[in-house]
Amino acid sequence: MSVQPVVLRQIPSASPVVPAPSLHVAIITDGNGRWATSRGLPRSAGHRAGAEAARGVIQAAPARGIHTLTLFALSSANWQRPAHEVNAILRLLHEYLLTETSHCVDEGVRLSVIGRRDRIPATLREAIADAEALTAKGKQLHLRLAIDYSAREAIYMAACRFYKVTQLSPDAFSDVLSEVLHGGSTEVDMLIRTGGEQRLSDFLLWECAFAEFVFLQKRWPDFTTGDLAAAVREFHLRERTRGALPKDIVS
């Protein structure tokens, strides 16, 4: 049986902003290429439009009570795409880091990159290291960009290191996974996927064990701050039992 996309409830424009308590929101930013081709544009134009959508979401996140925002920028599986498209994404990421790092510092945003770094260009690795160092003291939001990222590979690499840990526990494994990922590993509260697809696509498999999922038909360049607000509202309307009985049944 297929899972139907969530229809987010509309929020009146005059509704006050009610921050949620310390959410980790992860977003699979899907649909950039299809957004562009549907408009007769090159796929690279869709990725650039997606970067603009990301700017708005990053700026709006703290007001919605989001303390950590993880965006899926480039999957390890994306190396299978045409080289010119992958190179365009890598150039865009490099440009983003160069132009946005100072803004992140001003806004109190800590920027981290999770994923492999041995296959990306050296200039991009340097830009990542510089951005992480300059924004390390940011407290308003922890922005994590997943670049050349595979959850299965990260879990496998962490498992290979885990046998050296003296005290075995899920928390200890999470600590090892944090080391592998560079940008840390914290449990995801809500995962949003745009573009109409309804799967995780090897994204944050360990961290999404109890995440609430929101699937949207609209493609990432069309995702707005209003959509983010609606998704957070939807999250708070759900009862999260984590396997226990709902409160009304217990009472």
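Nothing here was measured: the structure is a model prediction, and the numbers come from that model. (Residues numbered from 1 in each chain as written. Predicted model: local features only at pLDDT ≥ 70, side-chain atom pairs only at ≥ 80, totals over all residues. Heavy atoms only, no water.)

Q: Describe the overall build of the chain, and please don't skip the residues or the numbers.
A: Check the secondary structure of the chain and you find 8 helices and 6 strands. When the helices and strands of the chain are placed in sequence order, the string is β-α-α-β-α-β-α-β-α-α-β-β-α-α. Out of the 251 residues belonging to the chain, those deemed buried represent 46%. Considering only contacts in the chain between residues 6 or more positions apart, those separated by 24 or more positions represent 75%. Taken as a whole, the chain presents about 13,200 Å² of accessible surface, with 54% of it coming from carbon and sulfur. (Helix = DSSP H or I, 4+ residues; strand = E, 2+ residues; numbered from the N terminus. Buried < 20%, exposed > 50% of the residue type's maximum accessible area, 1.4 Å probe, protein only. Contact = heavy atoms within 4.5 Å. Areas by Shrake-Rupley, 256 points an atom, 1.4 Å probe, with all protein chains shown as cover.)

Q: An account of the pattern of salt bridges is requested, with residue identities and associated values reported.
A: Scanning the entire structure with this criterion turns up 18 salt bridges. A salt bridge links Glu212 to Arg238, with the nearest nitrogen and oxygen atoms 3.1 Å apart. With Glu212 in strand β6 (residues 212–215) and Arg238 in the loop between α7 (225–237) and α8 (247–250), the pair connects residues that are 26 residues apart, well separated along the chain. Judged by relative accessible area, which is 16%, Glu212 ranks as buried. The closest approach of N and O atoms between Lys218 and Asp227, which form a salt bridge, is 2.9 Å. With relative accessibility at 14%, the residue Asp227 sits in the buried group. (Salt bridge = Lys/Arg side-chain N within 4 Å of Asp/Glu carboxyl O.)

Q: I'd like to hear about the packing of aromatic side chains, residue by residue, with values.
A: The geometry of an aromatic ring pair is captured by the separation of the ring centres together with the interplanar angle, meaning the angle of the planes. Overall, the coordinates contain 6 aromatic pairs when judged by the stated rule. Ring centres of Phe213 and Phe215 lie 5.9 Å apart, and the angle between their planes is 75°; this geometry places the pair in the edge-to-face category. On the accessibility criterion, Phe213 (28% relative accessible area) is partly exposed. Between Trp220 and Phe223 the ring centres are 5.1 Å apart and the planes differ by 25°, which places this aromatic pair in the stacked class. Overall, the relative accessible area of 2% leaves Trp220 in the buried class. Feature note: the residues Phe72, Tyr149 and Phe203 constitute an aromatic cluster, connected by ring pairs. (Phe/Tyr/Trp six-rings, centres within 6.5 Å; stacked < 30°, edge-to-face > 60°.)

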